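# Working through the structure, step by step
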Amino acid sequence: MLKRKIILLLVVALSLASLYLFIHMNFQAMEYLLRTRLEKILAMILCAVSIGVSTVVFQTITHNRILTPSIMGLDSVYMFIQTIVVFLFGSGTFVIMQSDAYFFLTILLMVGFAFGLYQLLFRRGQSNLFLLLLVGLVLGTFFSSLSSFMQMIIDPNEFLLIQDSMFASFTDVNTDLLLISAVIIIVLCIYIFRYRHYFDVMSIGRDHAVNLGVPYEKIVKRMFLVIAVLVAVSTALVGPITFLGLLTANLAREFLQTFRHTYLLIAASLLSVIALLGGQLVVERIFSFSTPISVIINFVGGVYFIYLLVRESKKI
Amino acid sequence: MIVAEKLSKYFGSKKVIQDVSIEVKRGAITSFIGPNGAGKSTLLSMVSRLLKQDDGIVYLDGKDVHKQKSKDLAKTIAILRQSNVVQMRLTVRELVSFGRFPYSNGRLTAEDEQKVSEAISYVNLVEMEDKYLNELSGGQKQRAFIAMVLAQDTDYILLDEPLNNLDMKHAVQMMKLLRKLVEDFGKTILLVIHDINFASVYSDRIVAMKDGKIVAEGPTEDIIQSDVLKSIYDLDIDVHNISCNRICVYF
Ligand SMILES: Nc1ncnc2c1ncn2[C@@H]1O[C@H](COP(=O)(O)OP(=O)(O)OP(=O)(O)O)[C@@H](O)[C@H]1O
Ligand SMILES: [Mg+2]
């Protein structure tokens, strides 16, 4: 039953991918079109898998289905970095933002932020994940406010550069970076996938998991760091896309009705691929690039989020 | 053997377990009794490493529980807490299968399946094994959780108020099952029990707690005495001998 549902998702994802690849094909420019489209598809898959996997695991370790890793504040840190760079370098920014060094620097800063939080709160004996998230949230808000303030005093033309990077986009992804990101993301996902049976046990609650021999606190800490790296790489590659994970992780749980993470992780990734490919098709073919994909995803995800909130509050 | 030495636990500034030392013998049922808030659940949680003590050491067969690998411990000691909520959609069988995790790591072998079925039949849930937990009554749910702990097949079994929600028949069956596990398989069982007569009839030893301390401890017949019980519960309790059992009347 579960396997069949996964196959169904796989078929939908593959169909969308081939549609995206071959639609409106111009045979004179076939080679060029195929290459750029394949690159975009790869970027979408990488983003989809990292967001899908990290959100499912994050929800499992926090026992909360309306949270996503973005609550750690990584998106705000990313925006803050972008704003500072534009603020300091003005219109020369575009060149900087395209460079490999900048890519790694943003990853390093985001991961550094997460490690800082981790050191601050986990190392001191008591491991309180929620306190850590709260501090992340507060710092994230602080960075957002700082960014907004700086954006107000920036030249409006330069502000457009920042605005571009506020939204995830798959249109101008650097090929070298794509391959490096692919390697990092694949390695991390394999690492996470090895813990899938532990996640099953962890989802019935901390005490049961400890009783059954799961090194609970250790895994929570490790996953916190791994998720942070995963989200950082994906954000540095394509930009923030907050609600995608919320949407697809929950849809995966609803659709499969299971606690088994072997299937949940795969389904959330596939659903994310479907959402991104579908969204991108709509953006390119219907809105002719006038609306960024993350606006659509965040709109749909946001509506779904409100639906979840209303539904959960009715249960009580 | 379980040995606790000078265990203490603070919640905030309140010391809820105060330098408790205790030895629990193998191959027996030891019941923990005492008023609400005495610290029974806290003590059991520390013994089973769910909760870390602020002071003192717990030895399980001579080794410090906090220094052993969690995975190895899970094959030796199992605990069921007082209240259990699982938010996920799970069938009885899926829940009980979790009990095999220490052995199977999530991939059940034929032997694991066998143990799961055995545990389910111990608690009389065979016909309901494919039902979802949220479709069960309170007592059926409690029995499903007990089955999970039994499937873990450990030498030490700690049950915090296992008779919660059980009707009289199932309560008696459960206690008889526990006795059988002790007599036939040499298990060591620690219980928290509020029904003093169940404690009296089925346990080998009783530990009485009050205000974070052990106030009385010994073979069942030494503890089930009017004067001892009066000091624990501050209640006049008559003890009668009825067909070789010591029965308390306190209404
Ligand atoms: N998580 C906690 N935070 C703060 N105080 C706690 C916590 N757990 C227990 N306590 C306090 O510790 C004391 C002992 O609690 P414990 O649950 O061990 O009692 P108990 O003997 O099991 O009682 P009962 O018979 O009601 O189950 C109580 O005073 C309780 O208020
Ligand atoms: Mg209790």
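Structure: see above.
Residues numbered from 1 in each chain as written. Chains lettered and ligands numbered in written order. Predicted model: local features only at pLDDT ≥ 70, side-chain atom pairs only at ≥ 80, totals over all residues. Heavy atoms only, no water.

## Focus on the coordination of the magnesium ion (ligand 2)
Residues and elements named next belong to chain B. With distances of 1.9 to 2.2 Å, the protein atoms coordinating the magnesium ion (ligand 2) are S41 (OG) and Q82 (OE1). Here S41, found in helix 1 (residues 40–47), pairs with Q82, found in the loop between strand 6 (77–80) and helix 3 (92–98); they are 41 residues apart in sequence, far enough to count as distant. Exposure remark for Q82: the relative accessible area of 33% places this residue in the partly exposed category. (Donors = N, O, S within 2.8 Å, 3.2 Å for Na, K, Ca; no water. Helix = DSSP H or I, 4+ residues; strand = E, 2+ residues; numbered from the N terminus. Buried < 20%, exposed > 50% of the residue type's maximum accessible area, 1.4 Å probe, protein only.)

## With respect to the sheet that holds strand 2 (residues 14–24) of chain B
Residues and elements named next belong to chain B. Strand order across the open sheet formed by four strands is 2-1-4-5, with antiparallel pairing between neighbours. Two strands close off the open sheet at either side, each with one partner strand: strand 2 and strand 5 (63–64). Where helix 1 meets the sheet, it contacts strand 1 (2–11), strand 2 and strand 4 (55–60), and its direction lies at approximately 120° from that of strand 1. (Pairing = 2+ DSSP bridges. Contact = heavy atoms within 4.5 Å. Axes fitted to C-alpha atoms, helices over the stretch in contact; angles between N-to-C directions.)

## Concerning empty space enclosed by the protein
One simple way to see leftover space: roll a probe sized like a water molecule over the atoms. One pass over the structure, following the stated rule, counts four cavities of 30 Å³ or more. Size it by volume and the largest cavity reaches roughly 100 Å³. Together, 13 residues line the largest cavity, and I51(A), S70(A), V231(A), I241(A) and T242(A) are the ones closest to its centre. Looking at the lining of the largest cavity, the elements that each hand over two or more residues are helix 2 (30–62), helix 11 (216–238) and helix 12 (242–256) of chain A. With three residues, the top contributor of residues to the lining of the largest cavity is helix 2 of chain A. Of the residues assigned to the lining of the largest cavity, the class counts are five nonpolar, seven polar and one charged. Lining the second largest cavity are I22(B), E23(B), V24(B), K25(B), T30(B), R205(B), I206(B), V207(B), E217(B) and G218(B). (1 Å grid on protein atoms, 1.4 Å probe; cavity = no way out; pocket = protein on both sides within 12 Å on 5 of 7 lines; lining within 4 Å. Points joined across faces, edges and corners; volume = space filled by probe spheres on them. Nonpolar A, V, L, I, M, F, W, Y, C, P; charged D, E, K, R; others polar.)

## Side note on the interface of chain A and chain B
At the interface, 18 residues of chain A touch 27 residues of chain B. Taking both partners together, chain A and chain B bury about 1,900 Å²; carbon and sulfur atoms supply 59% of that area. In this assembly, chain A and chain B are joined by two salt bridges. At the surface where chain A touches chain B, the tally comes to seven residue pairs in polar contact (both at pLDDT 80 or more). Within the residue set of the side of chain A that touches chain B, elements represented by two or more residues are helix 9 (196–202) and helix 10 (206–211) of chain A. Considering only residue class, the side of chain A that touches chain B consists of seven nonpolar, six polar and five charged. (Buried area = accessible area lost by both parts, 1.4 Å probe. Salt bridge = Lys/Arg side-chain N within 4 Å of Asp/Glu carboxyl O. Polar contact = N/O pair within 3.5 Å; in protein donor to acceptor, adjacent residues only side chain to side chain.)

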